[in-house]
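# Observations on chain architecture
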Amino acid sequence: MPRGLLTWRKLLACLHILPTSLHFPGASTMAGILALVHLQHADRADQARLPRRLVKDHQNPFAAYSEEEFVQRYRLSKECIHTLLGQVEPDLPRAKDGRGCSIPAYLQLLTAMMYFATGSFQICMANCLGMSAASVCKIVRSISTILCTLARTYIKFPEPTDIPDLASNFFNIAGMPGCIGCIDGSYINIISPGGDHAELYRSRKGRFAINAMGICDYNLVFRNIICSWPGSVHDSRVFDNSRVCHLLEEGNYSGYLLGDSGYPCRKYLLTPLLSPTTEKERKYNIAHIKTRNVIERAFGVLKRRFAILNKEVRTKLSTTKQIIMSCVILHNIARLHNVPMPDEMDEDEVLGNAIPNINAEQAVPIENAASGLVLRSHTIENWF
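Residues numbered from 1 in each chain as written. Predicted model: local features only at pLDDT ≥ 70, side-chain atom pairs only at ≥ 80, totals over all residues. Heavy atoms only, no water.

In the contact formed by helix α7 (residues 105-118) and helix α8 (residues 122-129), the axes pass within 11 Å of each other and the chain directions differ by 135°. One way to sum up the angle between α7 and α8 is to call them oblique. For α7 against α8, the interelement crossing comes out right-handed. Across the interface between the two elements, T111, M114 and Y115 of α7 pack against Q122, M125 and L129 of α8. Its residues assigned to classes, the contact of α7 with α8 shows 4 nonpolar, 2 polar and no charged. (Axes fitted to C-alpha atoms, helices over the stretch in contact; angles between N-to-C directions. Helix = DSSP H or I, 4+ residues; strand = E, 2+ residues; numbered from the N terminus. Parallel < 35°, antiparallel > 145°, perpendicular 65-115°, else oblique. Left-handed = near helix turned anticlockwise from the far one by under 90°. Contact = heavy atoms within 4.5 Å. Nonpolar A, V, L, I, M, F, W, Y, C, P; charged D, E, K, R; others polar.)

Right, here's the structure in full:
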């Protein structure tokens, strides 16, 4: 009903008492005042409005979730996702005929991010997101493939000019001089790849896995990652066949990496002493272990941030390798933009106090490593 008409009806309803009130002295004045008061209250009631309620659009996670809720679900901030979306969207497949209702690019990226963050079954994610399991599978595969093309941007081995800064920051950890990075391998459990060579992927722990070798800096940023070798391959073999090994052998880097006893001691890769006898040797081992602990923490934070790597990855072998690489790229993005860990545990608590054991059974024979032994002895005598 129009507001003006409603107001006039209220006025007439209030003033209909006036004719009966004229028989008494002063009654007309009183009746008029009462009518005006009644009209004033009616106008106030008419003008009252309920506060407007804003309903969140749950189809748009950027609007539906706060920054903290967004990071908890997708492991990156909204700003990082927007930047990443601009790099990923041009390469996403599009319908050639323009028919149907395709999934928006931002929803494809967030679907893959949630899969990496939770490691849930794809059919469960499909039920929650209102799409088919086949769509989730295609999205994960396409997003992983595109993210791998960004590896040269976000995973960079340091240049020789970056060595002084790296060595200074590593030295501040435990007094280890000349360190430019820490190296180690980590098993990523997978389902049986099938075929005649499936047993090559069975690790020494008895499970099918990929032996992922990583090199990180003091900020837990991965500077190199190799995730293509079967779980049965030894760490030293993975490193010997890597591009980083050949770069260091050329002698363009003045520093060295720190590795555990699973690697040979060389002039560009120092390992701990298996049986230290002097006080200097014990101090060297302590500094070596404390400094090399950053690679243990890096893998711990990586697997905690993206839980799919802490479970059994249930995808095709080729897709699994791309997922591992994608998670490392996303981890580096999170570290470079200081995105906090998604849950209550602080990242320093993730293997932060773990002291790796020096296992003599895993030690590799030191052959043709005279220069490495000389460098280690020289470091022990002059710095510890």
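Text resumes after the structure shown.
Formed by 78 residues in total, the largest nonpolar core has its most connected members in L76, L84, F116 and L330. With 9 residues, helix α15 (residues 317-336) is the single largest residue contributor to this core. Those residues in contact with L84 that lie beyond four places of it in its chain are L76, L109, L147, L150, L330 and I333. Of all hydrophobic cores here, the second largest spans 19 residues; its members include I163, I226, V244 and L269. (Core = buried A, V, L, I, M, F, W, Y, C linked by side-chain atoms within 4.5 Å. Buried < 20%, exposed > 50% of the residue type's maximum accessible area, 1.4 Å probe, protein only.)

Before going further, it helps to examine the pairing of strand β2 (residues 209-216). Here β2 lies mainly inside the structure; 8 of its 8 residues are buried. The two faces of β2 match: A209, N211, M213 and I215 on one face and I210, A212, G214 and C216 on the other face are all buried. Summarising the sheet, strand β1 (residues 179-189) and β2 pair through 8 bridges and their orientation is antiparallel. For D184, the partnering residue across the bridge sits in β2 and is G214. In this structure, β2 lies alongside strand β3 (residues 222-230), joined through 6 bridges in antiparallel fashion. In the strand pairing of β3, I215 is matched with N224. Joining the antiparallel neighbours β2 and β3 is a turn of 5 residues, in which L220 adopts a positive phi near 65°. (Pairing = 2+ DSSP bridges.)

Attention now moves to the pattern of salt bridges. A side chain of one charge can pair with a side chain of the opposite charge when the charged atoms of the two come close. On inspection of all chains with the given rule, the structure shows 7 salt bridges. For the salt bridge of D240 with R266, the shortest nitrogen-to-oxygen distance reads 2.9 Å. Taken together, the positions of D240 in helix α12 (residues 235-240) and R266 in the loop between β4 (256-258) and β5 (269-270) put the pair 26 residues apart, joining distant regions of the chain. The closest approach of N and O atoms between R314 and E312, which form a salt bridge, is 3.0 Å. (Salt bridge = Lys/Arg side-chain N within 4 Å of Asp/Glu carboxyl O.)

As a further point, take the environment of L109. Considering the arrangement of structural elements, one finds L109 in helix α7. Given the relative accessible area of 0%, L109 is considered buried. With sequence-adjacent residues up to four places away left out, L109 is seen in contact with I81, L84, L85 and I143.

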